[in-house]
Amino acid sequence: MSIRVVVADDQELVRSGFTMILDAQPGIEVVAEAGDGAEAVEAVRRHTPDVLLLDIRMPVMDGIEAARAVCAESACRVVMLTTFDVDAYVYDALYAGASGFLLKDVRRDDLVHAVRVVAAGDSLLAPSVTRRLVADFVRRGRTNESVSVTTSPAQRLAVLTAREEETLRLLARGLSNAEIAAAFVVSEHTVKTHVSNVLSKLALRDRVQAVICAYESGLVVPGEAAGDGA
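To keep things clear, this report deals only with the structure shown in the data block. (Residues numbered from 1 in each chain as written. Predicted model: local features only at pLDDT ≥ 70, side-chain atom pairs only at ≥ 80, totals over all residues. Heavy atoms only, no water.)

### A look at the sheet that holds strand β3 (residues 51-55)
Inclusion rule: Strands pair, by our definition, only if DSSP identifies at least two bridges between them. Strands here mean DSSP runs of E at least two residues long; helices mean DSSP runs of H or I at least four residues long; both are numbered from the N terminus. Axes here refer to lines fitted to C-alpha atoms; in helices the fit is confined to the stretch in contact. Angles between the N-to-C directions go from 0 to 180 degrees. Here, two residues are considered to be in contact whenever any of their heavy atoms come within 4.5 Å of each other.
Across the sheet, which stays open at both edges, the 5 strands sit in the order β2-β1-β3-β4-β5 with parallel pairing between neighbours. Pairing within the sheet leaves two strands with one partner each, and these edge strands are β2 (28-34) and β5 (101-103). Taken pair by pair, the neighbouring strands of this sheet meet at an average axis angle of 25 degrees, ignoring direction. Pairing geometry for strand β4 (residues 77-82) and β5, over 3 bridges, is parallel. Each residue of the ladder has a partner; that of Leu81, found in β5, is Leu102. Relative to β2, helix α1 (residues 12-23) is tilted by about 165 degrees, and along the sheet it contacts β1 (3-8), β2, β3 and β4. Most of the contacts of helix α3 (residues 63-73) go to β4, to which it runs at about 170 degrees, and overall it touches β3 and β4.

### Brief notes about the pattern of salt bridges
Oppositely charged side chains may form a pair once their charged atoms are brought near each other. As a reminder, the rule being used: Every case where a carboxyl oxygen of Asp or Glu lies within 4 Å of a side-chain nitrogen of Lys or Arg is listed as a salt bridge. Throughout this description, buried means an accessible area under 20% of the type-specific maximum (1.4 Å probe, protein chains only), exposed means over 50%, and partly exposed covers the range between.
Considering all chains together, one arrives at 10 salt bridges under this definition. The partner of Arg169 in a salt bridge is Glu165, and the shortest N-O contact between them spans 3.9 Å. With Arg169 and Glu165 both in helix α8 (residues 162-172), this residue pair falls 4 residues apart, about one helical turn. In this structure Arg169 comes out as partly exposed when scored by relative accessible area, which is 24%. A relative accessible area of 26% means that Glu165 is categorised as partly exposed. Glu166 is paired through a salt bridge with Arg169; the nearest N and O atoms lie 3.0 Å apart. Residue Glu166 and its partner Arg169 are both found in helix α8; the two are separated by 3 residues, about one turn of the helix. Taken together, the shared-partner salt bridges in this structure form one network comprising Glu42, Arg45, Arg46 and Glu73.

### A look at the packing of helix α2 (residues 37-47) against α3
Selection rule: For classification purposes, angles smaller than 35 degrees are called roughly parallel, those larger than 145 roughly antiparallel, those between 65 and 115 roughly perpendicular, and all remaining angles oblique. By the definition used in this description, the sense in which the near helix is turned from the far one sets the handedness, with an anticlockwise turn below a right angle giving left-handed and a clockwise turn giving right-handed. Gly counts as polar in this scheme, as do all residues outside two lists: the nonpolar Ala, Val, Leu, Ile, Met, Phe, Trp, Tyr, Cys and Pro, and the charged Asp, Glu, Lys and Arg.
Here α2 crosses α3 at 15 degrees, and the two axes come no closer than 9 Å. One element, α2, and the other, α3, form an angle in the roughly parallel class. Between α2 and α3 lies a crossing of right-handed hand. Of the residues in α3, those in contact with Gly37, Val41, Val44 and Arg45 of α2 are Ala66, Ala69, Val70 and Glu73. A breakdown of the residues in the contact of α2 with α3 according to their chemical character gives 5 nonpolar, 1 polar and 2 charged.

### Concerning helix α10 (residues 188-201)
Put simply, the test is: The length a helix should cover is 1.5 Å for every residue beyond the first. An arc is given here, and it is the one of the directions from the helix axis to the C-beta atoms.
When the terminal C-alpha atoms of α10 are compared, their 20 Å separation across 14 residues agrees well with the 20 Å that a helix rising 1.5 Å per residue should span. All buried positions along α10 are accounted for by Val191, His194, Val195, Val198 and Leu199. All buried residues of α10 lie within an arc of 135 degrees about the axis, which places them on one face of the element. Of the residues in α10, the exposed ones pointing more than 90 degrees away from the buried face are His189 and Ser200. Note on α10: the residue one or two positions beyond its end, Ala203, has a positive phi of about 55 degrees.

Such coordinate-based values are descriptive only and should not be taken to indicate function.
So this is what it looks like as structure tokens:
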């Protein structure tokens, strides 16, 4: 079964370029294009794609509002597109429910890889810039409405087993499932189960929110992410 994608960008050349690249890949199908945020939301409703590539800065309805609407009413995974590697809107995009972001000058192979990774239920956490953005977001003391609760952060993590808490810690440090499996000396399937349990117990949408939760709870502190190079 093909990965169904909607590409939304107000720049036609960017939109058509991404569409051409993705349509040329086996197992990926671009089912619609959109030129503004409102069109993107409507395209998701009409075509029920697996992944939405969504420009952050869009006319009619901006990308943040569109991402919030899509994530609230569908299982479609949203990847935000931005021109700059440090963009204040990225913070809002993460809390809107986006599974990550890409620069518009992303390499062809990285674009295809990103779509496959997100469609598989993972998130774009590997690039160091993403981890730095999340860490900086938490440092600023921003409130995540989508995962806010009345209990303290420490109480919230108390529902996790020791292994699940360690899984969350390694997720926040930017490790992939394969790397966590190697650290635990278990199969990737077992790690996927741990990750699923963490998300379910903490009522989190995906790994991006799990990373934010880990920082907000104090389980991981900014600058602790592995492989940052910063």
